Amino acid sequence: EQYTSVAQPGEVLRKQQKWTKPLLIVFVAALAGVAVLVAHDRDWKAPAVRVRGHPEFTEEDATPANPPGESATATSPPAETDLSAASEWTAMHPDPAVLKWLDTSEVKPGGTTCGFLTAPLGTMGVHVDSYPDVKVYFCIKFADTQPAPKGTVFTHCGGPGSLSACGINWGAMAGDGYNHVGMDQRGLGRSLPTFATPNCTVAGSSILDDYEDEEAVRRNLRKIKARAHTCFNDPSFQLPAKNNKSGRDYFNFLQFSGTDEVAEDLDRFRKAIGARKLSLHGVSYGTAIVMTYATKFRDHVDKFVLNSPMPPTLSMFDIAWGAAQGNQLQYDDFADACDAAGAACPL
């Protein structure tokens, strides 16, 4: 808004240059502060994969490795219909102890319904009997033919912040023959607990009028830090352990709501519907989720699509710095074009 009254286009570029570095600093620091609100996924690495066209690709890369103790045999690929496990559970009749559809009248070929997956807060064996349960909201559009001829495709549209409806709508691009699945990942949408608490809202604008005022910048960053601290300690995120006999054993929900937990919830969903494999479609941040799933549960992946993939790193600093640079370069190009346009520039 500060540029709506600029008389000469040349002033845009000069003003922009004045706060280029301070803006980068504030942008990175703000994103780093928000990092307190999510669980940190440590030491995650994408598998090294070479595909056709890669300079180091060989025919060995096209041949799956055999499990230890098994010899290589020529076998036909499984039929598309062989995507369900030897299980009594199906997408239309899932394991009721784990997944319950809310409206049974919608559970029919071609229908769309939603429900809650019950999941333990964490997966570490040492706490397996202590973790409280959380509720994760899943939605599914059933294939017109059941069981689905091509299996089930899960889509995550990115964010984090996209919800189950987006997953179903984008999943439709896979075509007929699939069950299309989306989710409200932990903390979002209708999943419980929810991130939407008063202590986690941003009070007032975090945008500064003068990025060269060092004290104002520091004051603003202290405000962001205090808000993140208050959010992290919100009572609604302090979940008591199941065997909390002392009354003092709690887990913080925010430490169990990251990318790794989304992948675990997705595999729990796969088991609940009796599927042997899932097809995966990730967009933007959604690619981090499906890459994580494929890394942890590679034997349960059918087809795999990365749309606008993230780099194979979950370093908050790298992501924040890259985003800040991208935004700044985008504005530089815009200001430069406006400067070159002269009187034709709308500013």
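See above for the structure.
Residues numbered from 1 in each chain as written. Predicted model: local features only at pLDDT ≥ 70, side-chain atom pairs only at ≥ 80, totals over all residues. Heavy atoms only, no water.

When you look at the packing of aromatic side chains in this model, what are you seeing that I'm missing?
Aromatic ring pairs are reported here in terms of the distance separating the ring centres and the angle at which the planes meet. Applying the stated criterion across every chain yields a total of 13 aromatic pairs. Taken together, Trp101, Phe138, Phe142 and Phe269 form an aromatic cluster joined through their ring pairs. (Phe/Tyr/Trp six-rings, centres within 6.5 Å; stacked < 30°, edge-to-face > 60°.)

Would you mind going over the pairing of strand S9 (residues 301–307) with me for this structure?
Successive side chains on a regular strand alternate, one facing one side of the sheet and the next facing the other. Across 5 bridges, the pairing between strand S8 (residues 278–283) and S9 is parallel. If you follow valine 283 over to S9, its bridge partner there is asparagine 307. (Pairing = 2+ DSSP bridges. Helix = DSSP H or I, 4+ residues; strand = E, 2+ residues; numbered from the N terminus.)

Honestly, the packing of helix H5 (residues 259–272) against helix H6 (residues 285–296) in this entry has me stumped. Any pointers?
The description of two packed helices rests on the angle between their axes and on the distance between the axes. Two elements in contact, H5 and H6, have axes separated by 9 Å at closest approach and are oriented at 60°. Between H5 and H6 the crossing geometry is right-handed. On H6, the residues that touch Thr259, Asp260, Val262, Ala263, Glu264, Leu266, Asp267 and Arg270 of H5 are Tyr285, Ala288, Ile289, Thr292, Tyr293 and Lys296. A class-by-class count of the residues in the contact of H5 with H6 yields 7 nonpolar, 2 polar and 5 charged. (Axes fitted to C-alpha atoms, helices over the stretch in contact; angles between N-to-C directions. Left-handed = near helix turned anticlockwise from the far one by under 90°. Contact = heavy atoms within 4.5 Å. Nonpolar A, V, L, I, M, F, W, Y, C, P; charged D, E, K, R; others polar.)

Sorry, what's going on with the state of the cysteines here?
Linking two cysteines covalently via their sulfur atoms produces the bond known as a disulfide. Scanning the entire structure with this criterion turns up 4 disulfides. A sulfur-sulfur separation of 2.0 Å characterises the disulfide bridge that pairs cysteine 114 with cysteine 139. Taking the torsion about the S-S bond as the criterion, the cysteine 114 to cysteine 139 disulfide, at about 105°, is right-handed. A residue pair is termed long-range when its members are at least 10 positions apart, and cysteine 114 in strand S2 (residues 112–120) and cysteine 139 in strand S3 (residues 133–141) qualify at 25 residues. Each member of the pair, cysteine 114 as well as cysteine 139, is classed as buried. Note on cysteine connectivity: cysteine 200 is disulfide-linked to cysteine 231, with sulfurs 1.9 Å apart. Since a negative S-S torsion denotes a left-handed disulfide, the cysteine 200-cysteine 231 link at about 85° is right-handed. With cysteine 200 in the loop between strand S5 (179–184) and helix H4 (214–232) and cysteine 231 in helix H4, the pair connects residues that are 31 residues apart, well separated along the chain. When its relative accessible area of 2% is taken as the criterion, cysteine 231 is described as buried. (Disulfide = S-S within 2.5 Å. Buried < 20%, exposed > 50% of the residue type's maximum accessible area, 1.4 Å probe, protein only.)

Just checking my understanding: could you explain H6 for this structure?
Since the α-helix advances by 3.6 residues per turn, residues separated by three or four positions end up pointing in the same direction. The end-to-end C-alpha separation of H6 is 17 Å, in line with the 16 Å expected for 12 residues at 1.5 Å each. Within H6, 10 of the 12 residues are buried, which leaves the element mostly enclosed by the surrounding structure. Where H6 is concerned, the buried positions are Tyr285, Gly286, Thr287, Ala288, Ile289, Val290, Met291, Thr292, Tyr293 and Ala294. Those residues of H6 that are buried are in contact with strand S4 (152–156), H5, S8 and S9. (Expected span 1.5 Å × (residues − 1).)

Explain the sheet that holds S9 to me, please; I cannot follow it from the model alone.
In a beta sheet, neighbouring strands are held together by backbone hydrogen bonds and run either parallel or antiparallel to one another. Ordered in space as S1-S2-S3-S5-S4-S8-S9, the 7 strands form an open sheet in which the pairing is mixed. The sheet terminates laterally at strand S1 (99–101) and S9, the two strands that pair on one side only. With strand direction ignored, the average angle separating the axes of adjacent strands in the sheet is 25°. Where S4 meets S5, 3 bridges bridge the pair, whose relative direction is parallel. Each residue of the ladder has a partner; that of valine 153, found in S5, is histidine 180. In the packing of H5 onto the sheet, the strands contacted are S1, S2, S3, S4, S5 and S8, and the crossing angle to S2 comes to about 115°.

Please explain the pattern of salt bridges as it appears in this structure.
Where side chains of opposite charge bring their charged atoms close, a pairing between them can arise. For the structure shown, the criterion picks out 12 salt bridges. Residue arginine 268 pairs with aspartate 265 through a salt bridge whose shortest N-O separation is 3.1 Å. Taken as a pair, arginine 268 and aspartate 265 lie in helix H5 at a separation of 3 residues, close to a single helical turn. Of the two residues examined, arginine 268 and aspartate 265, each falls in the buried class. A salt bridge links lysine 271 to aspartate 267, with the shortest nitrogen-to-oxygen separation between them at 3.9 Å. Of this pair, lysine 271 and aspartate 267 both sit in helix H5, 4 residues apart, which is roughly one turn of that helix. Among the residues examined, aspartate 267 registers a relative accessible area of 4% and is labelled buried. (Salt bridge = Lys/Arg side-chain N within 4 Å of Asp/Glu carboxyl O.)

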